[in-house]
Amino acid sequence: MRSLIIALPILPVVAILQSAVFPYIRFLNGGFDVMLIVVLAWSLVQRGNDGPIWAFIGGLLGDVLSGGPMGAMTLGLVSVTLLIALTEGRFYKSNWPVALLASVLGTLVYHLIYLIVLGLSGHPVNLADDLTLVTLPSAILNALLMLPMYQTAKWLAIQVAPPKVELEQ
Amino acid sequence: MRRFKLPPWLADRLGLATLLLILSIGVIVLGQRGVFNPAKSGLLAPLVPVQTFVTQIYNTVYNNLFAPSDLEELRKRNAELEQQVAQLTNENVQLREAEAQLKVVSALLDYARANPEQRYIAADVVGRDESLFLRYVLLNKGTNDGVTRDMPVVTDQGLVGVITEATANASKVLLVTDASSAVNVRLQDSRAEGVITGQESGELRLNYISVDVDMKPGDRIITSGLGGQFPAGIVVGTVASARKRTFDVFQEADVKSAIDFNRLETVLIITNFEPPQLRPLLGTATPAP
């Protein structure tokens with residue numbers, strides 16, 4: 001519950017930064033998906049139901065500030081966190097190589113779902129061009145962003161919800 | 001026979017995520033029907049002032065860090081002054097920001113004076129699209145200022161785009177560089193008509209120019225007014241390179257806009273342009289028996 005309360009100030013700030021600052025930082029035609037990386041990092045360090053809820057709130061905020069179809073980002077982000085939820089227990093524990101892999105695969109899945117919704121809502125989509133021109137460079141940028149974001153999320157998770165320790169007598 | 005059963009933790013996660021997935025799809029379907037427009041307006045209202053503040057800070061920092069090289073001398077002098085009087089330096093930074101703003105505004109004013117038949121509202125760009133695949137900008141003027149959907153947006157350097165959504169204190173502009181944008185244009189010299197579309201890469205492409213037309217780099221392209229989306233005569237850009245193949249009916253060209261769409265700060269919204277209502281006319285276009 002505490003982690004959801006901290007989502008309320010964090011996610012609007014992330015949405016504003018994504019719209020006001022990060023669009024100016026470009027690599028080829030790619031850019032940072034800050035909301036995706038924040039949600040992914042939190043999903044990885046705070047296993048449980050928090051990730052999808054963060055994704056839902058963050059997606060709605062992103063959709064409000066976007067000219068695209070309402071719900072497109074939400075669906076993309078929730079889908080990615082669903083995939084993260086499916087990996088729970090498959091890895092010994094989350095660590096930075098897992099986070100890097102998740103950022104690259106998460107970018108691909110998120111962009112793919114977003115483009116499908118965009119196409120279905122009537123926006124012209126050239127899947128091959130979009131995935132090569134935008135998604136690939138974005139995946140690199142997102143992987144770079146994931147490293148500090150993952151560490152920050154880990155630190156925040158400990159502050160918000162310290163892991164339970166059982167002592168044997 | 002044993003029935004397959006999901007572990008409780010996985011069933012819990014999947015249950016919630018599936019519920020949220022269904023909710024997301026519901027949001028998309030209902031969003032297409034405009035159900036969330038009032039809610040979007042309500043959510044945007046508190047976000048826009050914060051976004052304006054963040055954008056102003058970002059622009060100030062950017063302008064001071066990456067100012068053009070001809071300000072180098074001025075910057076050195078500033079540094080000397082900084083050592084002498086910290087307060088004066090601070091004032092100087094503020095004045096330079098105001099000067100930069102004034103340059104933009106005076107250029108827009110010149111444009112407005114040169115086109116007195118149109119009425120304008122100046123608006124600041126306070127945000128860009130959250131999606132990397134879309135090219136929209138968010139302006140700090142909305143319906144409270146008289147901005148409505150379909151109003152053209154320009155700068156002194158040419159066409160920017162069109163308002164697609166307006167809330168009480170903000171509006172969204174579809175840039176001409178977006179892949180869904182199509183603008184009817186004509187070459188100013190040859191009067192040949194074509195269509196400029198945005199590309200995934202953010203570039204502009206001119207299509208549907210007949211192969212008979214002599215099109216060369218540097219030719220100026222203006223809006224034609226056809227289709228009624230934009231007033232005629234607004235500069236869109238110049239031909240950068242033209243491609244003509246003998247077996248094609250049309251030739252195409254890459255177009256260079258004078259506008260740096262990545263650095264848009266202030267724009268003008270044309271408020272007195274009313275797109276003609278073509279729909280009733282289209283309905284009567286049935287062939288006579």
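Residues numbered from 1 in each chain as written. Chains lettered and ligands numbered in written order. Predicted model: local features only at pLDDT ≥ 70, side-chain atom pairs only at ≥ 80, totals over all residues. Heavy atoms only, no water.

Overview of the overall build of chain A
- Within chain A, the secondary structure is distributed over six helices and two strands.
- Taking all 169 residues of chain A together, the buried fraction comes to 56%. (Helix = DSSP H or I, 4+ residues; strand = E, 2+ residues; numbered from the N terminus. Buried < 20%, exposed > 50% of the residue type's maximum accessible area, 1.4 Å probe, protein only.)

A look at the overall build of chain B
- The helix and strand tally for chain B stands at five helices and twelve strands.
- Counting over 289 residues, chain B shows a buried share of 42%.
- Long-range pairs, those at least 24 residues apart, make up 58% of the contacts in chain B with a sequence separation of at least 6.
- When the accessible surface of chain B is summed, it comes to about 16100 Å², and 57% of that surface belongs to carbon and sulfur atoms. (Contact = heavy atoms within 4.5 Å. Areas by Shrake-Rupley, 256 points an atom, 1.4 Å probe, with all protein chains shown as cover.)

Looking at the interface of chain A and chain B
- Counting residues at the interface gives 58 residues for chain A and 46 residues for chain B.
- For the pair chain A and chain B, the two sides together bury roughly 4600 Å², of which 70% comes from carbon and sulfur.
- The three residues of chain A that bury the most area against chain B are Tyr24(A), Val64(A) and Met70(A), which together make up 15% of that side's buried surface.
- At the junction of chain A with chain B, the criterion picks out zero salt bridges.
- Linking chain A with chain B are eleven residue pairs in polar contact (both at pLDDT 80 or more), by the criterion used here. (Buried area = accessible area lost by both parts, 1.4 Å probe. Salt bridge = Lys/Arg side-chain N within 4 Å of Asp/Glu carboxyl O. Polar contact = N/O pair within 3.5 Å; in protein donor to acceptor, adjacent residues only side chain to side chain.)

As for the packing of aromatic side chains
- Tallying each qualifying case throughout the model produces six aromatic pairs over all chains.
- Summarising the aromatic geometry, the rings of Trp42(A) and Trp54(A) are spaced 4.7 Å apart at their centres and angled 15 degrees between planes, so their arrangement reads as stacked. Residue Trp42(A) is found in helix H2 (residues 34-45), and its partner Trp54(A) is found in helix H3 (residues 50-64); the two are separated by twelve residues along the sequence. Each member of the pair, Trp42(A) as well as Trp54(A), is classed as buried.
- Each ring, one from Tyr114(A) and one from Phe133(B), has its centre 6.1 Å from the other, and the planes form 20 degrees; the classification is stacked. (Phe/Tyr/Trp six-rings, centres within 6.5 Å; stacked < 30°, edge-to-face > 60°.)

Remarks on the sheet that holds strand E9 (residues 220-223) of chain B
Residue and element names in this part refer to chain B.
- Reading around the barrel, the six strands line up as E6-E7-E8-E11-E10-E9 and close back on themselves, with antiparallel pairing between neighbours. On average, each strand axis in the sheet is tilted by 40 degrees relative to the strand beside it, whichever way the strands run.
- Of the strand pairs in this sheet, E9 and strand E10 (residues 235-243) are connected by three bridges, and their pairing is antiparallel. Bridge pairing in E10 places Ile 221 opposite Gly 237. (Pairing = 2+ DSSP bridges. Axes fitted to C-alpha atoms, helices over the stretch in contact; angles between N-to-C directions.)

A closer look at the pairing of strand E12 (residues 266-270) of chain B
Residues and elements named next belong to chain B.
- Among the five residues that make up E12, five are buried, leaving the element largely enclosed by the rest of the structure.
- Burial along E12 is two-sided: the face carrying Thr 266, Leu 268 and Ile 270 and the face carrying Val 267 and Ile 269 are both buried.
- Bridge count between strand E1 (residues 120-128) and E12: five bridges; the pairing is antiparallel. Looking at E12, one finds that Ala 122 is bridged to Leu 268.
- Direction of pairing for strand E3 (residues 152-155) relative to E12: antiparallel, over a ladder of two bridges. Of the residues in E12, the one forming a bridge with Val 154 is Leu 268.

Side note on a nonpolar patch on the surface
Residues and elements named next belong to chain A.
- Together, Leu 101, Val 104, Leu 105, Leu 108 and Leu 136 make up a nonpolar patch on the protein surface, roughly 410 Å² of accessible area in all.
- With four residues, the single largest contributor to the nonpolar patch is helix H5 (residues 96-120).
- Looking at the element boundaries, Val 104 is found in helix H5. (Patch = residues over 30% accessible without salt bridge, like charges linked within 9 Å, V, L, I, M, F, W, Y side chains within 5 Å.)

Details of empty space enclosed by the protein
- Counted by the stated rule, this structure contains six cavities of 30 Å³ or more.
- When its volume is computed, the largest cavity comes out at roughly 100 Å³.
- Surrounding the largest cavity, 15 residues form its lining, His123(A), Asp130(A), Phe133(B), Ala179(B) and Glu200(B) being those nearest its centre.
- Breaking the lining of the largest cavity down by element, the ones donating at least two residues are H5 and helix H6 (127-160) of chain A.
- Classifying every residue of the lining of the largest cavity gives nine nonpolar, two polar and four charged.
- For the second largest cavity, the calculated volume is near 70 Å³.
- As for the second largest cavity, its lining consists of Gln18(A), Asp33(A), Met35(A), Leu36(A), Gly58(A), Gly59(A), Gly62(A), Met73(A), Leu77(A), Tyr110(A) and Glu130(B).
- Mapped by element, the contributors of at least two residues to the lining of the second largest cavity are H2, H3 and helix H4 (72-87) of chain A.
- The element best represented in the lining of the second largest cavity is H3(A), accounting for three residues.
- Of the residues that constitute the lining of the second largest cavity, the class distribution is five nonpolar, four polar and two charged. (1 Å grid on protein atoms, 1.4 Å probe; cavity = no way out; pocket = protein on both sides within 12 Å on 5 of 7 lines; lining within 4 Å. Points joined across faces, edges and corners; volume = space filled by probe spheres on them. Nonpolar A, V, L, I, M, F, W, Y, C, P; charged D, E, K, R; others polar.)

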